[in-house]
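# Architecture at a glance
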Amino acid sequence: MNRMTKTYDLTVIGGGPGGYTAALQAAERGHKVALIEEDFLGGTCLNRGCIPSKTLLKHAEVIESIEKAKSWGIETGEMILSFYKMRKRKDDVIEKLRGGIAFLLKQGKIDVYNGRGTAVTKNRIDIEKQDGSETIETKELIIATGSSPAIPPIPGLKEIQFDTSDTIFDIPDIPASVVIIGGGVIGLELACIFQSLQSKVTIIEAALSIIPQEDEEASKLLEKELKKKGIHIAKKTTVTEVTESEGVKAIHATDDKGETHIFTAERLLVCVGRRPNVSAVSQLDLQLDGPFIKVNDEMKTSAEGVYAIGDVAGGYQLAHAAMAEAAVAVSNICGEPERMNHDIVPRCIYTLPEVASVGLTEKEAKAKGLNVRTERFDLAASGKALAAGVQTGFIKLVYDTVYGEVIGATMVGPHVTEMISEASSFMYLEGTAEEMAKMIHPHPTISEGFYEAALNIVSKLRK
């Protein structure tokens, strides 16, 4: 006898940050919600991205601090690195957070299906589980299926063993050497991890600079600091072929001058971006924007009652962006019109030093024809930074020359990913440099660099 098909007010396909946030917020507003996840709750961010990388980056920060402390009169014995214990701590952190998400979903009385969801129509979802299949009906649908590492069509790549951000956190040993294809956010963060673990690291980037989408001064300073650590960076260089012999990878590349290079390493890590996972909704014939599902600023797709959030919808492929998009989608589903404002989404790069930004860079603002100036405060003038042994870094504000409104910020230095929210807050509230200069900052702190930069802006605007 067939069981009655369950019907939901909302079904979310994908249990990553965007998906579980949408499910929880909709349930809190009284909706009957189903969440479908074929892998582990938490998605890429928790299981293969943000959380494991930041856990290991904390280890890297500690290792770097121990080395730096030698010149401060704090000396220890020989440093011993146990990669097994590091991996176990990383796995323990993931398990704890995974359990927390499951608890919240259970508390919210959300039906969680562990299986592969496929939208046969916008109101009918088939779920393939290990113990069989099931079909559910839904009034509204949110697609939060995320993305996967993009694999470039490099000759020889399919014939050798290589890693992506999905597999690199589970390797058994610290490699003696690593070549990373891609000088974007993921590649740079992983470079810092392996460099701290005493691996020889090489980054190959086809663009003119690393993190090319960010402020040029931030890119140059980060490159300089990474090179100081011994990381080799080959810019304007394109990989043409990869081969492997006796466990050693050979990466053949050509630079912008036409010269060929061969980089060898024990591990090859491919970090050239991510592609959206759209197969779950391929039968819906949704309008696309390139490879991504096209959405408007209400996160609505071309099909009535169907929304898309997170990596699958393009834009900033960031967990906190997906969570903000989830809130917007749920509000619109609940009849409370809301629009996504991507202008105030902070961008964080957890390298050593960190890079954080929000809004427009100076180059982007001028390309839009805006009349802007910038003010930069160097951390070399910060008492707290010097006391902490920080010699480099800066806080840079982009502001409108008429009213002094802050329209962008970039920071390089320790823990700036925690500080960027101050700039985001000012931008969200359309705050001016004059208001920032009146705000009392604690001393000594690195964050008072905002205050110093704002004071200089006010002084210049008065002239």
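Above this text sits the structure in question.
Summary of the structure given here. (Residues numbered from 1 in each chain as written. Predicted model: local features only at pLDDT ≥ 70, side-chain atom pairs only at ≥ 80, totals over all residues. Heavy atoms only, no water.)

### Quick notes on the sheet that holds strand β11 (residues 237–245)
The strands making up a sheet associate through backbone hydrogen bonding, with each pair oriented either parallel or antiparallel. One open sheet holds the three strands; their spatial order is β11-β12-β13, and the pairing between them is antiparallel. Sheet topology places β11 and β13 (260–265) at the edges, where each strand pairs with a single neighbour. Mean inter-strand twist for the sheet, computed between neighbouring axes without regard to direction, equals 25°. Here β11 runs beside strand β12 (residues 248–255); their pairing, made up of eight bridges, is antiparallel. Within β12, the residue paired with Thr237 across the bridge is Asp255. (Pairing = 2+ DSSP bridges. Helix = DSSP H or I, 4+ residues; strand = E, 2+ residues; numbered from the N terminus. Axes fitted to C-alpha atoms, helices over the stretch in contact; angles between N-to-C directions.)

### A word on unusual backbone geometry
The step from Leu352 to Pro353 runs through a cis peptide bond, and the omega angle for that step is 10°. As for its position among the elements, Pro353 is in the loop between β19 (347–349) and β20 (354–359). Put simply, His443 and Pro444 share a cis peptide bond, and its omega is 0°. Within the secondary structure layout, Pro444 lies in the loop between α11 (433–438) and α12 (448–462). Unlike most non-glycine residues, Lys109 shows phi in positive territory, near 55°. If you trace the backbone, Lys109 turns up in the loop between α4 (83–107) and β3 (111–114). Within the chain, Lys236 stands out as a residue other than glycine whose phi angle is a positive 50°. Assignment of secondary structure puts Lys236 in the loop between β10 (232–234) and β11.

### Describing the packing of helix α1 (residues 17–28) against helix α7 (residues 319–333)
Orientation of α1 relative to α7, taken along the N-to-C sense of each, is 30°, at an axis distance of 8 Å. In terms of axis orientation, α1 runs roughly parallel to α7. As α1 packs across α7, the resulting crossing turns out to be right-handed. Contact with α1, carried on its side by Pro17, Gly18, Tyr20, Thr21, Ala22, Gln25 and Ala26, involves Ala319, Ala322, Met323, Ala326, Ala327 and Val330 of α7 and no other residues of that element. Of the residues contributing to the contact of α1 with α7, the split by class is ten nonpolar, three polar and no charged. (Parallel < 35°, antiparallel > 145°, perpendicular 65-115°, else oblique. Left-handed = near helix turned anticlockwise from the far one by under 90°. Contact = heavy atoms within 4.5 Å. Nonpolar A, V, L, I, M, F, W, Y, C, P; charged D, E, K, R; others polar.)

### Focus on the nonpolar core
Core analysis: the largest hydrophobic core is formed by 33 residues, its most contacted members being Ile180 and Leu226. If one sorts the elements of this core by residue count, helix α5 (residues 185–196) sits on top with six residues. Not counting residues within four places of it along the chain, the set of residues in contact with Ile180 comprises Gly187, Leu190, Ala191, Val201, Thr202, Ile203, Ile204, Leu269 and Cys271. (Core = buried A, V, L, I, M, F, W, Y, C linked by side-chain atoms within 4.5 Å. Buried < 20%, exposed > 50% of the residue type's maximum accessible area, 1.4 Å probe, protein only.)

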